[in-house]
Amino acid sequence: MISSFLDSPALPRPLVSVDEAARIAAVEFGVTGGVTELGSNQDRNFRIDAEDGRYVLKVANPAFDPEELAAQNAALDAARGTGLAVPAVVAAPDGRTVIEVEAGGQRLHVRLLGYVEGTPLTGDGRFGSGTRAALGAAGGALAAALAGLEHPGLARGTQWNLEIAGEVVGLLLPAVPQADRRDAVAAATDAALARLAPLRAALRRQPIHGDLTDDNVVRVGDAAMSGVIDFGDVAESWLVAELAVTCASVLHHNPDQPLAILDTVTAFAAEMPLTEEEADALWPLIVLRTAVLVVSGEQQVTLDGDNDYADINRAAEERAFRVAAAQDPDVMAAVLRRTLGGGEPAPVPAAEAPLLPGLGEAVTVDLSVPSRALGAGLWLSPDADTQIVAAARADGRAALTRWGEHRLTRSRLRSAEAPATLTLGVEVHVSAGQVTAPVGGTVRHAGDALVLGVAGGGELWLTGLADRTTESSIAPGAPLGQARGPLTVQFSRLGGPRPPLFAAPGDGATWRLLCPDPSPLLGVAAAAPEPDPSGALAARDSSFGAVQEHYYADPPQIERGWREHLVDVHGRAYVDLVNNVTSIGHGHPRLVDAVAGQWALLNTNSRFHYGVLAQFTERLASLAPDGLDTVFLVNSGSEAVDLALRLATAATGAPTVLALREAYHGWTLGSDAVSSSLGDNPGALDSRPDWVRLVENPNPYRGRHRGADSAPAYLADLERQLDGMAAEGVRLAGLIAEPIFGNGGGVLLPDGYLRGAFDLVRARGGICIADEVQVGYGRLGDWFWGFEQQGAVPDVITIAKAMGNGHPLGAVITRREIADSLAAEGSLFSSAGGSPVSCVVGLTVLDVLEEEGLQDNARAVGGHLRSELLRLGERHPLIGAVHGHGLYLGVELVRDRASAEPATEEAARVCDELLAEGCIVQPTGDGKNVLKIKPPMCITRESADFFVSALDRVLSRVG
Ligand code: PMP
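Parameters at a glance
Residues numbered from 1 in each chain as written. Predicted model: local features only at pLDDT ≥ 70, side-chain atom pairs only at ≥ 80, totals over all residues. Heavy atoms only, no water. Helix = DSSP H or I, 4+ residues; strand = E, 2+ residues; numbered from the N terminus. Rg over C-alpha atoms; globule rule 2.2 N^0.38 Å. Buried < 20%, exposed > 50% of the residue type's maximum accessible area, 1.4 Å probe, protein only. Contact = heavy atoms within 4.5 Å. Expected span 1.5 Å × (residues − 1). Arc of directions from axis to C-beta. Pairing = 2+ DSSP bridges. Axes fitted to C-alpha atoms, helices over the stretch in contact; angles between N-to-C directions. 1 Å grid on protein atoms, 1.4 Å probe; cavity = no way out; pocket = protein on both sides within 12 Å on 5 of 7 lines; lining within 4 Å. Points joined across faces, edges and corners; volume = space filled by probe spheres on them. Nonpolar A, V, L, I, M, F, W, Y, C, P; charged D, E, K, R; others polar. Near = heavy atom within 4 Å. Polar contact = N/O pair within 3.5 Å; in protein donor to acceptor, adjacent residues only side chain to side chain. Areas by Shrake-Rupley, 256 points an atom, 1.4 Å probe, with all protein chains shown as cover. Phe/Tyr/Trp six-rings, centres within 6.5 Å; stacked < 30°, edge-to-face > 60°. Lys NZ or Arg CZ within 6 Å of the ring centre and 35° of its normal.

(A) The arrangement of the overall build of the protein in detail. Looking only at helices and strands, the protein features 26 helices and 41 strands. A globule of 959 residues ought to have a C-alpha radius of gyration of about 30 Å, and the protein, at 33 Å, matches this closely. On the principal axes, the C-alpha backbone points of the protein span a range of 95 × 85 × 50 Å. Looking at the protein as a whole, 57% of its 959 residues qualify as buried. Considering only contacts within the protein whose residues lie at least 6 apart along the sequence, 74% involve residues at least 24 apart.

This is the structure:
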């Protein structure tokens, strides 16, 4: 062995500055240009932007022998045959490719390589199947190309050579500071080594890249991958170790989908077929790789505290290790052997005799996400399944759960990974009964399960049988044992190990094949319909106006809400940070009851006289400032704004309305006219009607005047504008403004702006409208109304969203004389506005807001969330500002804090990646670069913290 990590395990990076790197490149290779340091765990790498192209100067760790560096160059040359882009080996003028230099007081060896253009896959969130397969294919092709390479520098015992993984883990384990983590790594390593021991001699050895991972695979544009870099770990090792390293990287990106590696494995094997022993060795090697990464990450941080590159990776490495260690290695081996072995799947045989008497009359229970039986948060109770089954069996019949169902009761709140919800068996709930073999076969016992191997392959697993048969060969109808309670029935094609009863939705397609629907053996249909979010989306696209967009290119199908959580059809729960409409939270039982009760009693229109209307309008008027005592009830914010505009024109007899630029006020003809948000309508500025005049957006972060004290400057502009309009003879009806810039991402107006603007408008006879549709109703925590934050009092208030918790409800509150001015335009009637059901909704929402102290919660949790987001801003330069107050917040993402250039694409990616982390967030603002944070007001501190840590992880990748 030319060098061994085990002899010199401490490998802090050599000390070489950017200036020294520039000198070495110039002196030794005659290459000059801008120098930037690149990340590396153990070496120093520098990018040089020279006139004739880009290069990488690699300064090797002194622990490595120059022969090893020469071997890497040889491997690069060999790899070029694969068609993948790999770095060119650049020679010095005298032909040398490995050069000894003096730097930082050390003798070091340097090489110059060509730079491979592209972005590493490291920053990507989930890997799609295309990326996973491309990685596997590249690994297979590379392995084939390196197979014939011979070089003395390849016999290396590097830290990453999995042949010595046990020793490496043993050596570095003390670097893990926590005893429980050390124990977990030690136990998983021992178990993996034990499985590997009998296979070692049969594993083929050859030169491998050794680090074909997200860090070292680059892509240009939309390609799944286009090149491979960093051959620093090239060594002679096990061929299958090459694949194991890549699979561990896939696991980093798809931690809740362990079988995602199958795409990689299949593509690798298509290029470089694997033996059965290699298939069996793969999973233990993946476990070892993740263990080596955990201990190495800890050691690197100990050695080299300022190595951010090593530090950022640690959390993801720990997570991948936990997932790898948690899988049943027998199951993984069986899955891999099946995947690589191919062949026809064993058919599920039809029952020739009943499994249990009375199954035909059994009731099927629904434990799926949309199940009506699981309402009011029952699904979160640990015995929810038992309760539902007991209720279904009230008449004494047997009950069946469903195969292929994504069980809501297996969903987990605040989970960064999708939980294993997909049910792979059927539970038969009976009080007692004789269980007989539905088909003939051979019997074996595995723990508490009886396993019936059936002709044609495949096994029927029965768990929960008492008095099990002692026969080993069974005919159809022969007794198998007694059911004395629930019995679990599963059909498995794994051929040996016990199949899991639940699988992660991401692995669903594979598991549906491995553990297919056992209905034919049961003699009754026990499969749940398979959710089809893409089919449902296609149906939506073909029948619903496309301009009514949906969130996300590939949206989850959301079918349930509870408090601040949303749940998709696969039982994945998300923290909902976007639904300010749902002020009191999703699925609020009080609201559900109140609505159902009122619907059953009466729902009609407000020309009839009923009690709840007056109760509601009095209540609303009591919340508004003195003098604003008259209420109109409509069905949406747009209608409320439209009506407010009509009131302003009717009360003043003047046509022209001022509106702040970048605002959104609604979609109706009138409310759209005063909306100029470019995020919603890129052509807005060129298409406003004559009666609308736009006012400069007083955005103290990125507007014409900056800072919280910029109100006087904006007001001076407004005054000039008003004077100009007066000179033109324009007659002013009023001004509409959001008291806090909702659409801009919760940007607070400069202190005192709104009061000053209202004064200027009133002085010219105009009416002042505060659009509180987004920000009002207690969400700001310290104030019920947004205008209170500005010390301003409007003449007209528009509200909607929060007041109905999602029910179509909107209102205008104003002074009596303004309201009465509308009489000149006839009567006003909105068929459903102010209906009894709507009034009950509105009253219940206000009751819940008060009784559950949700405005206080907005103050407390919102304040906490805001300070946590500001703390993130100290570490993530992408965060330019944190806007807003209470639970109306905005995280503005910028490419550069000085220029505040909007980070539009980054914001879109952050939102996509937050979704994978279990958080629903969307961008807003003209630059679509502000993450709007406006969750249901019942959000807990725990959920807020969950979001902050998810955002932290995502920004570490995207930033
Ligand atoms: N005003 C503001 C400030 C809004 O944000 C919105 C909706 N986003 C509206 C009015 C229109 O409300 P609706 O969607 O209920 O018609």
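That was the structure; now back to the text.
(B) The arrangement of helix α16 (residues 611-623) in detail. End to end, α16 covers 19 Å across 13 residues, agreeing with the expected 18 Å (1.5 Å per residue, within 8%). Residues of α16 that are buried include every one of Val 612, Phe 616, Thr 617, Leu 620 and Ala 621, and no others. All buried residues of α16 fall inside an arc of 165° around its axis, so they share one side. In α16, the exposed positions angled more than 90 degrees off the buried face are occupied by Glu 618 and Ser 622. Where α16 is buried, its residues touch β28 (630-634), β35 (796-799), β36 (810-814) and α23 (836-851).

(C) Spatial organisation of the sheet that holds strand β8 (residues 119-120). If you walk across this open sheet you meet the three strands as β8-β11-β12, and the pairing is antiparallel. Taken across any chain shown, the strands that pair with only one partner, and hence form the sheet edges, are β8 and β12 (227-228). Here two bridges tie strand β11 (residues 217-219) to β12, and the two strands are oriented antiparallel to one another. Across the sheet, the residue bridging to Val 218 is Gly 227, located in β12.

(D) Representation of the sheet that holds strand β38 (residues 888-893). If you trace the four strands from one edge of the open sheet to the other, you get β37-β38-β41-β40, paired in antiparallel fashion. Each having just a single partner strand, β37 (879-885) and β40 (922-924) make up the two edges of the open sheet. Within this sheet the neighbouring strands show an average axis-to-axis angle of 30°, counted without direction. Bridge count between β37 and β38: six bridges; the pairing is antiparallel. Paired with Ala 881 across the strands is Glu 892, a residue of β38. Sitting on the sheet, helix α24 (residues 854-875) is in contact with β37, β38 and β41 (930-933), with an inclination near 170° to β37.

(E) Empty space enclosed by the protein, seen in detail. According to the stated counting rule, one finds two cavities of 30 Å³ or more in the structure shown. Considering only enclosed or pocket space, the largest cavity measures out at about 60 Å³ in volume. For the largest cavity, the full set of lining residues is Thr 158, Trp 160, Asn 161, Leu 162, Ile 208, Gly 210, Asp 233, Ala 235, Ser 237, Ala 241 and Val 245. Contributing elements (two or more residues each) for the lining of the largest cavity: β13 (235-238) and α6 (239-253). Taken together, the residues of the lining of the largest cavity sort by class into six nonpolar, four polar and one charged.

(F) Quick look at the site of the ligand. In the vicinity of the ligand, the contacting residues are Ser 636, Gly 637, Ser 638, Tyr 664, His 665, Gly 666, Glu 738, Asp 771, Val 773, Gln 774 and Lys 801. Backbone polar atom of Gly 637 to an oxygen atom of the ligand: 2.8 Å apart, as the coordinates give it. At a separation of 2.5 Å, an oxygen atom of the ligand approaches a polar side-chain atom of Ser 638. Relative to its unbound accessible surface of 400 Å², the ligand loses 84% to contact with the protein. Of the residues contributing to the shell around the ligand, the split by class is two nonpolar, six polar and three charged.

(G) Structural view of the packing of aromatic side chains. One pass over the full model with this rule turns up four aromatic pairs. When the ring of Tyr 714 is compared with that of Tyr 753, the centres are 6.4 Å apart and the planes differ by 90°; the resulting orientation is edge-to-face. Taken as a pair, Tyr 714 in helix α19 (residues 711-728) and Tyr 753 in helix α20 (residues 753-763) lie far apart in primary sequence, 39 residues in all. Among the residues examined, Tyr 753 registers a relative accessible area of 2% and is labelled buried. Aromatic pair Phe 784 and Trp 785: ring centres 4.9 Å apart, planes at 85°, arrangement edge-to-face. Owing to a relative accessible area of 14%, Phe 784 belongs among the buried residues under this scheme. With a relative accessible area of 2%, Trp 785 lands in the buried category. Here the aromatic cluster, defined as three or more aromatic residues joined through ring pairs, consists of Tyr 777, Phe 784, Trp 785 and Phe 787. Sitting over the face of the ring of Tyr 115, Arg 54 holds its NZ or CZ atom 5.3 Å from the ring centroid. For the cation-ring pair, Arg 607 lies above Phe 829, with the distance from its terminal atom to the ring centre recorded as 3.9 Å.

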